[in-house]
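Given next are the chains, with one letter for each unit.
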2 protein chains.
Amino acid sequence: MASSSSVPMRERMTEYVIGLQDAIVAGLEALDPNGPKFKRDRWERTEGGFGISTVFAVPPEPEHFASSAGGPSTTPTSVIERAGVNISVIHGNLPPAGVKQMRVEHASLPYDPNSETTLPFFAAGISLIVHPRNPHAPTVHANYRYFEITARKDSETPGKVLAWWFGGGSDLTPSYFYEKDAVHFHRTIKDACDAHGSKLYSSFKPWCDEYFYLPHRGEARGIGGLFFDDFCADVHKRIPAAEGETSERPWTQEAIFAFVRAAGDAFLPSYIPVLQCRIHTPYTPSQRRWQLVRRGRYVEFNLVYDRGTKFGLMTPGARIESILVSLPETVRWEYMTDMGADPESDEGKLLAVLKKAREWV
Amino acid sequence: MASSSSVPMRERMTEYVIGLQDAIVAGLEALDPNGPKFKRDRWERTEGGFGISTVFAVPPEPEHFASSAGGPSTTPTSVIERAGVNISVIHGNLPPAGVKQMRVEHASLPYDPNSETTLPFFAAGISLIVHPRNPHAPTVHANYRYFEITARKDSETPGKVLAWWFGGGSDLTPSYFYEKDAVHFHRTIKDACDAHGSKLYSSFKPWCDEYFYLPHRGEARGIGGLFFDDFCADVHKRIPAAEGETSERPWTQEAIFAFVRAAGDAFLPSYIPVLQCRIHTPYTPSQRRWQLVRRGRYVEFNLVYDRGTKFGLMTPGARIESILVSLPETVRWEYMTDMGADPESDEGKLLAVLKKAREWV
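Residues numbered from 1 in each chain as written. Chains lettered and ligands numbered in written order. Predicted model: local features only at pLDDT ≥ 70, side-chain atom pairs only at ≥ 80, totals over all residues. Heavy atoms only, no water.

**Points about the sheet that holds strand 6 (residues 161-173) of chain A**
All names here are of chain A.
Then comes step 1: Spatial ordering of the open sheet is given by 1-2-3-4-5-6-9, a layout of 7 strands whose pairing is antiparallel. Across the chains shown, the open sheet's two edge strands, defined by having one partner strand only, are strand 1 (39-44) and strand 9 (224-231). Ignoring which end each strand starts from, the neighbouring axes of this sheet average 10° apart.
Then comes step 2: For strand 5 (residues 139-150) and strand 6, the ladder comprises 12 bridges, and the chain directions are antiparallel. Of the residues in strand 6, the one forming a bridge with Glu148 is Trp164.
Then comes step 3: Contacting strand 3 (80-94), strand 4 (119-132), strand 5, strand 6 and strand 9, helix 3 (residues 96-105) crosses the sheet at an angle of about 115° to strand 3. (Pairing = 2+ DSSP bridges. Helix = DSSP H or I, 4+ residues; strand = E, 2+ residues; numbered from the N terminus. Axes fitted to C-alpha atoms, helices over the stretch in contact; angles between N-to-C directions. Contact = heavy atoms within 4.5 Å.)

**Some thoughts on the confidence of the model for chain A**
Reading fine detail from the predicted coordinates is not recommended where pLDDT is low.
Then comes step 1: Per-residue pLDDT for chain A averages 91, and the proportion of residues at 70 or more is 93%.
Then comes step 2: Here the prediction assigns the complex a pTM of 0.92, and the interface score ipTM is 0.90. (pLDDT = per-residue confidence, 0-100.)

**Here's the deal with the interface of chain A and chain B**
Then comes step 1: Each partner contributes to the interface: chain A provides 42 residues, whereas chain B provides 42 residues.
Then comes step 2: With both sides pooled, the region where chain A packs onto chain B buries about 3,900 Å², and carbon together with sulfur makes up 63% of that total.
Then comes step 3: Linking chain A with chain B are 4 salt bridges.
Then comes step 4: At the level of secondary structure, the elements contributing two or more residues to the side of chain A that touches chain B comprise strand 1, strand 2 (49-57), helix 2 (62-68), helix 8 (285-305), helix 9 (307-314), helix 10 (320-324) and strand 10 (330-332) of chain A.
Then comes step 5: Looking at the side of chain A that touches chain B element by element, the count peaks at 9 residues for helix 8 of chain A.
Then comes step 6: Broken down by class, the residue content of the side of chain A that touches chain B amounts to 23 nonpolar, 6 polar and 13 charged. (Buried area = accessible area lost by both parts, 1.4 Å probe. Salt bridge = Lys/Arg side-chain N within 4 Å of Asp/Glu carboxyl O. Nonpolar A, V, L, I, M, F, W, Y, C, P; charged D, E, K, R; others polar.)

**A look at the sheet that holds strand 3 (residues 80-94) of chain B**
Residue and element names in this part refer to chain B.
Then comes step 1: Reading across from one edge, 1-2-3-4-5-6-9 is the order of the 7 strands in this open sheet, with antiparallel pairing throughout. Of all the strands in the sheet, the pair left with one neighbour each is strand 1 (39-44) and strand 9 (224-231). Ignoring which end each strand starts from, the neighbouring axes of this sheet average 10° apart.
Then comes step 2: The pairing of strand 3 with strand 4 (residues 119-132) spans 14 bridges and is antiparallel. Considered in strand 4, the bridge of Ala83 is made with Val130.
Then comes step 3: Against the sheet, helix 3 (residues 96-105) engages strand 3, strand 4, strand 5 (139-150), strand 6 (161-173) and strand 9, with an angle of about 115° to strand 3.

**Some words on the packing of helix 1 (residues 9-29) of chain A against helix 6 (residues 253-265) of chain A**
All names here are of chain A.
Then comes step 1: The N-to-C vectors of helix 1 and helix 6 enclose an angle of 10°; their axes lie 11 Å apart at closest approach. Taken together, helix 1 and helix 6 sit at an angle that is classed as roughly parallel. Residues Met9, Arg12, Met13, Tyr16 and Leu20 of helix 1 form the contact with helix 6, whose participating residues are Gln253, Glu254, Phe257, Val260, Arg261, Gly264 and Asp265.
Then comes step 2: Considering only residue class, the contact of helix 1 with helix 6 consists of 6 nonpolar, 2 polar and 4 charged. (Parallel < 35°, antiparallel > 145°, perpendicular 65-115°, else oblique.)

**Notes on the pattern of salt bridges**
Then comes step 1: The tally for this structure, following the rule as stated, stands at 54 salt bridges over all chains.
Then comes step 2: One salt bridge connects Glu329(B) with Arg332(A), and the closest N-O pair in it is separated by 3.4 Å. Pair noted here: Glu329(B) is in the loop between helix 10 (320-324) and strand 10 (330-332) and Arg332(A) is in strand 10, and the two residues belong to different chains.
Then comes step 3: Look at Arg332(A) and you get buried, because its relative accessible area is 3%.
Then comes step 4: By sharing partners, the salt bridges in this structure join Arg289(A), Arg332(A), Glu334(A), Asp338(A) and Glu329(B) into a single network. (Buried < 20%, exposed > 50% of the residue type's maximum accessible area, 1.4 Å probe, protein only.)

**Details of the pairing of strand 1 of chain A**
Residues and elements named next belong to chain A.
Then comes step 1: In terms of strand pairing, strand 1 meets strand 2 through 6 bridges, oriented antiparallel. Each residue of the ladder has a partner; that of Trp43, found in strand 2, is Gly51.
Then comes step 2: The antiparallel pairing of strand 1 with strand 2 creates a hairpin that spans 4 residues between the two strands, and Gly48 there sits at a positive phi of about 130°.

**So, the side chain of Arg288(A)**
Then comes step 1: Along the chain, Arg288(A) turns up in helix 8.
Then comes step 2: Engagement of the side chain of Arg288(A) in a polar contact is seen with the side chain of Gln291(A), the distance being 2.9 Å. (Polar contact = N/O pair within 3.5 Å; in protein donor to acceptor, adjacent residues only side chain to side chain.)

**Considerations on the relation of the copies chain A and chain B**
Then comes step 1: When chain A is fitted onto chain B, the two copies agree to an RMSD of 0.0 Å after a turn of 180° and an axial shift of 0.0 Å. Overall, the copies show the geometry of a two-fold rotation axis.
Then comes step 2: When you check the interface residues of chain A against chain B, 100% turn up at the interface there too, and the contact is symmetric in its surfaces. (Least-squares fit on C-alpha atoms with pLDDT ≥ 70 in both.)

**Here's the deal with the packing of helix 1 (residues 9-29) of chain B against helix 7 (residues 267-278) of chain B**
Residue and element names in this part refer to chain B.
Then comes step 1: Interaxial distance between helix 1 and helix 7 falls to 11 Å at its minimum, and their mutual angle equals 10°. Judged on the interaxial angle alone, helix 7 and helix 1 are roughly parallel. Across the interface between the two elements, Ala23, Ile24, Gly27 and Leu28 from helix 1 touch Phe267, Leu268, Tyr271, Ile272 and Leu275 from helix 7.
Then comes step 2: For the contact of helix 1 with helix 7, the per-class residue count stands at 8 nonpolar, 1 polar and no charged.

**Re the environment of His141(B)**
All names here are of chain B.
Then comes step 1: Examined against the element boundaries, His141 turns out to sit in strand 5.
Then comes step 2: Accessibility expressed as a relative area gives 13% for His141, which makes it buried.
Then comes step 3: Separated by 11 residues in sequence, His141 and Val130 place their C-alpha atoms 6.6 Å apart.
Then comes step 4: Discounting residues that sit within four places of it in the chain, His141 has contacts with Leu128, Ile129, Gly169, Ser170, Asp171, Phe212, Arg221 and Tyr298.
Then comes step 5: Side chain to side chain, His141 and Asp171 meet in a polar contact 2.9 Å long.

Next up, the structure:
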């Protein structure tokens, strides 16, 4: 890994996400050495850039299909049911409407609201979702990205970086609640954050709780984790840190990149031990049914609320299959389901956890 | 049925949708006389009004669950997998933001854009979706509604109807394409329309094709049907009829209500013969798999694009279970599915039909 700050950040982030993708795919494949491997697709974007999608999907043989769609736990199956670990490194021109919309979220964006100009952008990121088959093993999502706006070719300083920021996070979505898993996940993430500033976890953990919330269900998607956006060298509205106080948060591009790498590197240690602990737990058809119902909520969040998914679906030329690989393979909706109605049941206990954000560490 | 025009339209529409709900539930239950019955829930809305949800859902016994989630065709199962036939009769006050948004779609709405007043509204409607179990039998959706805005209590004419309109339609979503079914469905709807004006079907059929379209997939949700909104006594931007020419479209509330009833009454004859023809067709696990993948598209449309669903999810106090009963019971997403890739396959033939709107009658 290049560490010299003389190399442009776009190249360093590209190199980082490519390496992280390889490491995460290897870590997930190692869980099931004799199982199917991830499928790797490299795609080119006509408007500029490329992506590498690595996807785990069960080969759709009829007999496999029948069992994967709700069969009993005695059927031998893969550890993972659906996973996507994708990177994309793209560039192009933001149209005026896109610039205007982005300005709302990113205060550092140089922008004259009356201007009808486009602005060159660059984005490099990794985005991943893992849906394990065992209902006791939680779904996980993580995403780390770097965004840059540069001066137009017809400007006095073509290509000059006018604004940049990092965004990302990671969150866990169990179907059955194990406090030990939630604590391990948050502890691992918090330790990664704390090494780069005392205000990072305490700022980004509640942001995650706010973001991954389904108002129409009155419940969180899962037990949270980390969420941040618009992280640059400026004062950040979500981080109550004294300006320039490096013990509270990083203030330079170099230091923020180091934090992002620490968070990305924490993904495997935050999640793999949880999977190893849960993937061999026996489960019943009823528990599988509950998992499929919970996945319905996951789909509701991603299609109704998730900004990344919505932005992707509306983007002309977007690679739809890479965006919607986040959706689980098999999903179930029940009308007025009775599962979870009993607060003493394992299903009811999960619902109680999702109703109110908690501190885990 | 009251037919006297001295009875307020809100009462007549309420009576109509209650009767239509009963007729449709009876018609669907008659398909499977020994099968489970629809479950009926009446709910009251705190803010004003009530609804009756009638829902068909397979009792979630573990063994039933396992088979319904993708089992072989030899498993005995119900004809319908999931259906909801719901009515709602609600009233309340539209907040200023709601009035403003509604004004965009409904030109007849009396509204001063600078006003911060709320407006009393009334809405009565029926909304239904049927997802049969057999992949050869198409999913259907229909919806008919009447909307009224009345003068505020503190006005000179409290309760006076300031604006009213009807909206609705019906559309068919097959997993396997049978031209005969598409023609029967459209022919039945067109006949119902034609008795009330020569420009109705030709105006509302293309509107349906436009509305039920997934831009991110570049395909229609199904083979279309009828879609209309904002239908009142004024000139309508979507109906190219000479003003007052009653052979082309109805121009009075009475005559428009007669058209809406004709369209609603056409639902059973448009759909039941198609079901009767397809529900006994043998099917393979692979065909079931394709049906579940197609249902994923249905979910994508309803959660990403459908205005009624989005409006419902954002409405405080909305009955979420009645809104999301439109979603299928079991759904599947495949990454880069190979199904449908061969244009000569039955799956590929459906995709070709969905790529380009056609005239059916």
